[in-house]
Amino acid sequence: PQANIGVIGLAVMGSNLARNLASREGNTVAVYNRTYARTSDLIDQHGHLGLVPAETIDDFVGSLTRPRTAIIMVQAGAGTDAVIDQLAERFEPGDIIVDGGNANFTDTIRREKQLRAKDINFVGIGISGGEEGALNGPSLMPGGSDEAWQTLGPILTSIAAVADGEPCVTHVGHDGAGHFVKMVHNGIEYADMQLIAEAYDLMRRIGGSDTRELADIFTTWNQGDLESYLIEITAEVLKQTDAETGRPLVDVIADQAGSKGTGVWTVQNAVGLGTPVSGIGEAVFARAVSSRKAQRAAVQAITGPRPEPAPVPDSFHDDVRAALYASKVVAYAQGFDLIVAGAQQYGWDVDLSAIAKIWRGGCIIRARFLNRIVDAYQNTPTLQTLLADPYFAQAIAGGEAAWRRIVGTAVASGVPVPGFSSALAYYDTLTADRLPAALIQGQRDYFGAHTYQRIDKPGTFHTLWSGDRTEIIATPSTH
Ligand code: NBP
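Computed from a predicted model, the values in this text were never measured in an experiment. (Residues numbered from 1 in each chain as written. Predicted model: local features only at pLDDT ≥ 70, side-chain atom pairs only at ≥ 80, totals over all residues. Heavy atoms only, no water.)

(A) Quick look at the overall build of the chain. Within the chain, the secondary structure is distributed over 19 helices and eleven strands. In the chain, buried positions account for 48% of the 479 residues. Restricting the contact set of the chain to residue pairs at least 6 apart, pairs at least 24 apart contribute 65%. Accessible surface computed for the chain: about 22500 Å², of which carbon and sulfur atoms make up 51%. (Helix = DSSP H or I, 4+ residues; strand = E, 2+ residues; numbered from the N terminus. Buried < 20%, exposed > 50% of the residue type's maximum accessible area, 1.4 Å probe, protein only. Contact = heavy atoms within 4.5 Å. Areas by Shrake-Rupley, 256 points an atom, 1.4 Å probe, with all protein chains shown as cover.)

(B) A look at the pattern of salt bridges. In total, this model carries 27 salt bridges according to the counting rule given. The partner of Asp 107 in a salt bridge is Arg 110, and the shortest N-O contact between them spans 3.4 Å. Of this pair, Asp 107 and Arg 110 both sit in helix H5 (residues 105-116), separated by three residues, roughly a single helical turn. Judged by relative accessible area, Asp 107 falls into the partly exposed class, the value being 24%. (Salt bridge = Lys/Arg side-chain N within 4 Å of Asp/Glu carboxyl O.)

(C) A look at the site of the ligand. Neighbouring residues of the ligand: 20 residues in total, closest Met 13, Asn 33, Thr 35, Arg 38 and Val 74. One of the side-chain nitrogen or oxygen atoms of Asn 33 is found 2.7 Å away from an oxygen atom of the ligand. The separation between an oxygen atom of the ligand and a polar side-chain atom of Arg 38 is 2.5 Å. Relative to its unbound accessible surface of 910 Å², the ligand loses 76% to contact with the protein. (Near = heavy atom within 4 Å. Polar contact = N/O pair within 3.5 Å; in protein donor to acceptor, adjacent residues only side chain to side chain.)

(D) View of the UniProt feature "domain: 6-phosphogluconate dehydrogenase C-terminal" (unreviewed entry) in the chain. Following the UniProt record, the feature "domain: 6-phosphogluconate dehydrogenase C-terminal" (unreviewed entry) maps to residues 178-466 here. With 64% helix and 1% strand, the stretch residues 178-466 has end C-alpha atoms that lie 52 Å from each other. (UniProt positions renumbered as here; feature names shortened; annotations may be inferred.)

(E) Focus on the environment of Thr 470. Mapped onto the elements of the fold, Thr 470 is located in the loop between strand S10 (460-463) and strand S11 (471-475). If sequence neighbours within four positions are ignored, Thr 470 has contacts with His 462, Thr 463 and Leu 464. A polar side-chain atom of Thr 470 sits 2.8 Å from a polar atom in the side chain of Asp 468.

(F) Local environment of the side chain of Asn 20. Mapped onto the fold, Asn 20 is located in helix H1 (residues 12-22). A relative accessible area of 0% means that Asn 20 is categorised as buried. For Asn 20, the side chain forms a polar contact with the main-chain oxygen of Ala 134, separated by 3.0 Å. Excluding anything up to four places from it in sequence, Asn 20 contacts Gly 133, Ala 134, Leu 135, Asn 136, Gly 137, Pro 138 and Ile 159.

(G) Expanded view of helix H8 (residues 177-205). End to end, H8 covers 42 Å across 29 residues, agreeing with the expected 42 Å (1.5 Å per residue, within 8%). For H8, a buried count of 25 out of 29 residues is recorded, marking the element as mostly surrounded by other parts of the structure. (Expected span 1.5 Å × (residues − 1).)

(H) Fine view of the sheet that holds strand S5 (residues 96-99). Within the open sheet, the seven strands sit side by side as S3-S2-S1-S4-S5-S6-S7. Their pairing is mixed. Strands at the two margins of the open sheet, each flanked by one partner only, are strand S3 (52-53) and strand S7 (139-142). Note that strand S6 (residues 121-128) and S7 share four bridges and pair antiparallel. Bridged to Ile 125 within S7 is Pro 142. Strands strand S2 (29-32) and S3 of the sheet are contacted by helix H2 (residues 36-46), whose axis makes an angle of about 140° with S2. (Pairing = 2+ DSSP bridges. Axes fitted to C-alpha atoms, helices over the stretch in contact; angles between N-to-C directions.)

(I) Quick look at unusual backbone geometry. Of note, the bond from Arg 66 into Pro 67 is cis; its omega dihedral lies within 30 degrees of zero at -15°. Its place among the elements puts Pro 67 in the loop between helix H3 (57-62) and strand S4 (69-72). A positive phi is found at Asp 164, a non-glycine position, where the angle reads about 50°. Inspection of the secondary structure puts Asp 164 in the loop between strand S8 (162-163) and strand S9 (166-167).

(J) Structural detail: the packing of aromatic side chains. This structure, assessed with the given rule, holds 16 aromatic pairs. Consider the rings of Tyr 446 and Trp 465, whose centres lie 5.1 Å apart with planes at 45°: the pair is tilted. Placement of the pair is Tyr 446 in helix H19 (residues 437-448) and Trp 465 in the loop between S10 and S11, with a sequence separation of 19 residues. With relative accessibility at 24%, the residue Trp 465 sits in the partly exposed group. The ring of Phe 369 has Lys 328 lying over it, and the distance from NZ or CZ to the ring centre is 5.1 Å. Just above the ring of Tyr 391 sits the side chain of Arg 372; from NZ or CZ to the centre is 4.0 Å. (Phe/Tyr/Trp six-rings, centres within 6.5 Å; stacked < 30°, edge-to-face > 60°. Lys NZ or Arg CZ within 6 Å of the ring centre and 35° of its normal.)

(K) Up close: the environment of Gly 79. Looking at where Gly 79 falls in the secondary structure, it is placed in helix H4 (residues 78-90). On the basis of relative accessibility, which here comes to 30%, the residue Gly 79 falls in the partly exposed class. Residues Gly 79 and Gly 173, spaced 94 residues apart in sequence, show a C-alpha to C-alpha distance of 25 Å.

(L) Summary view of the packing of H8 against helix H12 (residues 278-291). Two numbers describe how H8 lies on H12: the axes approach to 8 Å, and their chain directions differ by 70°. On the basis of the axis angle, H8 is roughly perpendicular to H12. H8 and H12 meet at a crossing whose hand is left-handed. Between H8 and H12, the contacting residues are Gly 187, Ile 188, Tyr 190, Ala 191, Met 193 and Gln 194 on the first element and Gly 279, Ile 280, Ala 283, Val 284, Ala 286 and Arg 287 on the second. Residues that form the contact of H8 with H12 fall into these classes: eight nonpolar, three polar and one charged. (Parallel < 35°, antiparallel > 145°, perpendicular 65-115°, else oblique. Left-handed = near helix turned anticlockwise from the far one by under 90°. Nonpolar A, V, L, I, M, F, W, Y, C, P; charged D, E, K, R; others polar.)

Shown next as structure tokens:
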């Protein structure tokens, strides 16, 4: 045995991760793929990295030093289960099986439990940053046991992206914590992309800017507090000219957004955990509506073309910027709330400032603004919501008037802004002194005797709606 770590699955992610690992001091990397052609291709091109190729899974396992540590990078789902089974048959107590694929965290919890029964460590790692990140430094969100982290920590630290001098990896929590946090990362990514798309649409349709100007605006925004990978690539996409038609590429791309499902997972889990992630939900739904081409055409056949929006003042673009920032804070606040809810439900000890830190580099949502989230949770680890952090509260208050103007103008002009407007509605809900939830409690008590509480005395009450409408005490106060 000679390799301290192995990679199974040598499609784009696995081979890039293997190259990243092999290029770091102290690592010797064994590589194996079901179809050997991928392994030999990798060795042909990058054999100088000292990779140890294996033709069979037995050779692969035999080439690993103890504790054996193998990272699986195959298609999520059945492929991952198949490879885990093959390894589990050959690994011994104390060895470590790592899944770096995009697993559903509930699968990771299940697999961890099964392997723990054999004293094999199983670690699910959320890996963000795509192929480029895998090669040069991803953001890594490992779950799993403390014991596995002892061995894996230094290896992962060596390959992770670095932001502000710190590696973008932390031991997120036990079993499925890493894949859960990766799921939320992707959900936030959906929300952030939707908000940027709405900003673009507003400035295009109402602000009257052409694509070239919009590219410049996003480039400028990327120099301020909105600086982020997603704003940067937005400018790049807008700058691109289509070779065939000479038009901006974005104008010839079909306006139907696809998705691979992690946004849906985020919303499904949030609903189950009773955690509002309206920004992520609106983003998932907006992609779904965009893809319903026939439905859109059927409605447009009746409504005809939309009227031209009224002219807006020059300050419009600044207002859009402020609205984007405020909406983005809401989306991140909701995402972090979901991590808190998941940690409570599944018993993970998650450090929110550490999560914000490891998202500052390598991953799709990397952004300057994450430094503020790091500070917020460092200052107050038990913060109720990011919106209650003094810095963010002030930032939102400063942009609030602009945010309202933008949502108002968009509504009046018929430009859909589900992300901006739902974020504002969420903010207005949190800031309202009194909510109409009181009426809902009354309705529930009326038709279902679901009872209600009063603002002026403890206990649970019910009104005899179908009787004489007197109020009775349903449950006396316990104190
Ligand atoms: P793919 O997701 O396209 O999977 C291809 C790999 O899976 C090949 O190595 C293939 O082997 C192997 N495989 C399959 Br399919 N079924 C298998 C089985 N039953 N037994 C053994 N091997 C099997 O590769 P990828 O795009 O490199 O992604 C790898 C993982 O990383 C996925 O879980 C993905 O979701 C995740 N991920 C991807 C990205 C990204 O940006 N692409 C980012 C983050 C995470 P073969 O060569 O023999 O067919």
